[in-house]
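Single-letter residue listing:
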Amino acid sequence: AQKVTQAQTEISVVEKEDVTLDCVYETRDTTYYLFWYKQPPSGELVFLIRRNSFDEQNEISGRYSWNFQKSTSSFNFTITASQVVDSAVYFCALRGSARQLTFGSGTQLTVLP
Amino acid sequence: EADIYQTPRYLVIGTGKKITLECSQTMGHDKMYWYQQDPGMELHLIHYSYGVNSTEKGDLSSESTVSRIRTEHFPLTLESARPSHTSQYLCASSNDRGRETQYFGPGTRLLVL
């Protein structure tokens, strides 16, 4: 069975602060994919990143960066210099051999001006 | 970029009515999915399809039904809506090339009175 845990239910930061969203996963598969999605108040899910289990390189895209560590089964997401437009619910998800996505419960990020 | 569409975006309807939520994608993706999500909460898979004439039930039991007669179209039907069906319904699609990133539509917010 697969499981994704996002222990932080809600986080509030002031604009320009850095913030890290935690994601811990469980799977028995050796090949799997990890994802992050953003859900703004409008409701749609926006794909941010996919990472496969064989690629532990960290990735940076503008103000976003991701830290994948197989040793701790974690795939954390950092926003640098946060902005009000970053306010959203962020979901971590896992796909293994079951071919279905397993989502975490999400982290509500609020960036205050 | 995802080209996946859902209509209607919002629907308010009385108990007992039959409704169909439309989902279509123009990316030629083989796989399509329906998720149910209460506001800000985790997503639950209710139906999926791996191709034309193929449909399966997801992890969350649902009274809805789906059909997949054309690759690009994956409608969801509720024969008799009830207040317990009030939720957001998200449609997604993915290709069949192993990575299977799911791209989501804008969602339908359903309110059953």
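Quick note: structure is the one above.
An account of the accompanying structure is given in this report. (Residues numbered from 1 in each chain as written. Chains lettered and ligands numbered in written order. Predicted model: local features only at pLDDT ≥ 70, side-chain atom pairs only at ≥ 80, totals over all residues. Heavy atoms only, no water.)

For the rest of this paragraph, the subject is the overall build of chain A. Within chain A one finds 0 helices and 12 strands. The C-alpha atoms of chain A give a radius of gyration of 14 Å, which matches the 13 Å a tight globule of 113 residues would have. Principal-axis analysis of the C-alpha atoms gives chain A an extent of 45 × 25 × 20 Å. Buried positions account for 46% of the 113 residues belonging to chain A. For chain A, the computed accessible surface area is about 5,400 Å², with 48% contributed by carbon and sulfur atoms. If the 10 positive side-chain charges of chain A are averaged to one point and the 12 negative ones to another, these points end up 8 Å apart. (Helix = DSSP H or I, 4+ residues; strand = E, 2+ residues; numbered from the N terminus. Rg over C-alpha atoms; globule rule 2.2 N^0.38 Å. Buried < 20%, exposed > 50% of the residue type's maximum accessible area, 1.4 Å probe, protein only. Areas by Shrake-Rupley, 256 points an atom, 1.4 Å probe, with all protein chains shown as cover. Lys, Arg positive; Asp, Glu negative; His and termini not counted. Charge placed at Lys NZ, Arg CZ, Asp CG, Glu CD.)

Another point: the interface of chain A and chain B. Each partner contributes residues to the interface: chain A has 20 residues there, and chain B has 25 residues. Regarding the contact of chain A and chain B, the summed buried area is about 1,800 Å², with carbon and sulfur atoms giving 46% of it. Among the residues chain A hides against chain B, the three largest losses belong to Arg99, Gln100 and Phe103 of chain A. Together they make up 29% of the total. Linking chain A to chain B there are 0 salt bridges. Here chain A and chain B share 7 residue pairs in polar contact (both at pLDDT 80 or more) between them. Where the side of chain A that touches chain B is concerned, the elements lending two or more residues are β5 (33-39), β6 (46-52), β10 (88-95) and β11 (101-103) of chain A. Here the element with the most residues in the side of chain A that touches chain B is β5 of chain A; it accounts for 4 residues. Across the side of chain A that touches chain B, the residue classes tally to 10 nonpolar, 6 polar and 4 charged. (Contact = heavy atoms within 4.5 Å. Buried area = accessible area lost by both parts, 1.4 Å probe. Salt bridge = Lys/Arg side-chain N within 4 Å of Asp/Glu carboxyl O. Polar contact = N/O pair within 3.5 Å; in protein donor to acceptor, adjacent residues only side chain to side chain. Nonpolar A, V, L, I, M, F, W, Y, C, P; charged D, E, K, R; others polar.)

All names here are of chain B. Along strand β11 (residues 108-112), the buried face is formed by Thr108, Leu110 and Val112; none of Arg109 and Leu111, which line the opposite face, is buried. One ladder, built from 4 bridges, connects strand β2 (residues 10-13) with β11; its direction is parallel. Each bridged residue has a counterpart across the sheet, and for Val12 the counterpart in β11 is Leu111. As paired elements, strand β9 (residues 87-94) and β11 share 3 bridges and run antiparallel to each other. For Ser87, the partnering residue across the bridge sits in β11 and is Leu110. (Pairing = 2+ DSSP bridges.)

With that settled, consider the packing of aromatic side chains. Each aromatic ring pair is characterised by the separation of its centres together with the angle its planes make. As enumerated under the stated definition, the model contains 20 aromatic pairs over all chains in all. A centroid spacing of 6.3 Å and a plane angle of 45° characterise the contact between Tyr25 of chain A and Phe68 of chain A, whose relative ring orientation is tilted. Here the residue Tyr25 of chain A occupies a position in strand β4 (residues 24-26), and Phe68 of chain A occupies one in strand β8 (residues 64-69), the gap between them amounting to 43 residues. Note on accessibility: Tyr25 of chain A and Phe68 of chain A belong to one class, buried. Centroid distance Phe103 of chain A to Tyr35 of chain B: 5.6 Å. Interplanar angle 85°. Geometry classified as edge-to-face. One end of the pair, Phe103 of chain A, is in strand β11; the other, Tyr35 of chain B, is in strand β4 (residues 31-37), on a second chain. Accessibility assignment for this pair places Phe103 of chain A and Tyr35 of chain B in one class, buried. Through a chain of ring-to-ring contacts, three or more aromatic side chains come together here, namely Phe35, Tyr37, Phe47, Phe91 and Phe103 of chain A together with Tyr33, Tyr35, Tyr103 and Phe104 of chain B. Positioned above the aromatic ring of Tyr50 of chain B is the side chain of Lys31 of chain B, whose terminal nitrogen or guanidinium carbon lies 4.8 Å from the ring centre. (Phe/Tyr/Trp six-rings, centres within 6.5 Å; stacked < 30°, edge-to-face > 60°. Lys NZ or Arg CZ within 6 Å of the ring centre and 35° of its normal.)

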